[in-house]
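If you want the building blocks of each chain, they are given just below.
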Amino acid sequence: MNQLTIRGFDDDLSASVRCLAKREGISLNQAALRLLRKGAGLADRSRGSDVVGSSLDHLIGIWTPDEADEMDSALEEFGTVDEAIWH
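Values in this document were obtained by computation on a predicted structure and should not be read as measured data. (Residues numbered from 1 in each chain as written. Predicted model: local features only at pLDDT ≥ 70, side-chain atom pairs only at ≥ 80, totals over all residues. Heavy atoms only, no water.)

Undergrad: What am I meant to see in the overall build of the protein here?
TA: Secondary structure assignment for the protein yields three helices and zero strands. In sequence order, the secondary structure elements of the protein are arranged as α-α-α. The 87 residues of the protein split such that 8% are buried. Of the roughly 8,100 Å² of accessible surface on the protein, 55% is carried by carbon and sulfur atoms. (Helix = DSSP H or I, 4+ residues; strand = E, 2+ residues; numbered from the N terminus. Buried < 20%, exposed > 50% of the residue type's maximum accessible area, 1.4 Å probe, protein only. Areas by Shrake-Rupley, 256 points an atom, 1.4 Å probe, with all protein chains shown as cover.)

Undergrad: Sorry if this is basic, but what is going on with the nonpolar core here?
TA: Nonpolar side chains in soluble globular proteins tend to end up buried together. V17, L20, A21, A31 and A32 form the largest nonpolar core, which has five residues in total. The greatest single-element share of this core, amounting to three residues, is contributed by helix α1 (residues 11-24). Those residues within four positions of L20 in sequence are excluded, and the remaining contacts are I26, A31, R34 and L35. (Core = buried A, V, L, I, M, F, W, Y, C linked by side-chain atoms within 4.5 Å. Contact = heavy atoms within 4.5 Å.)

Undergrad: When you look at the packing of α1 against helix α2 (residues 28-39) in this model, what are you seeing that I'm missing?
TA: Close contact between α1 and α2 brings their axes to 8 Å; oriented N to C, the two are set at 110°. Put simply, α1 runs roughly perpendicular to α2. Helix-helix and strand crossings are classified by hand; for α1 and α2 the assignment is right-handed. Two secondary-structure elements touch here, α1 through S16, V17, R18, L20, A21 and E24 and α2 through L28, A31, A32, R34 and L35. For the contact of α1 with α2, the per-class residue count stands at seven nonpolar, one polar and three charged. (Axes fitted to C-alpha atoms, helices over the stretch in contact; angles between N-to-C directions. Parallel < 35°, antiparallel > 145°, perpendicular 65-115°, else oblique. Left-handed = near helix turned anticlockwise from the far one by under 90°. Nonpolar A, V, L, I, M, F, W, Y, C, P; charged D, E, K, R; others polar.)

This is how it looks when you write it as structure tokens:
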């Protein structure tokens, strides 16, 4: 592994790195590397290719059973295939 020292983090960048580290439960170093790889257009090898993101993770487990049932009902029609559009 190579080591690189980076100086000159402004307050916004520092806050972003710290926020990511806290949200993901990772070290500041890991958070900085993740952001560097993303900015460089490189795939993040630490995450699976099936990971979409974590922006909705704070919503997991907060719905009541009634709210979950209501959402399932609202989304039910999206599980139906309209055969007419596939011909």
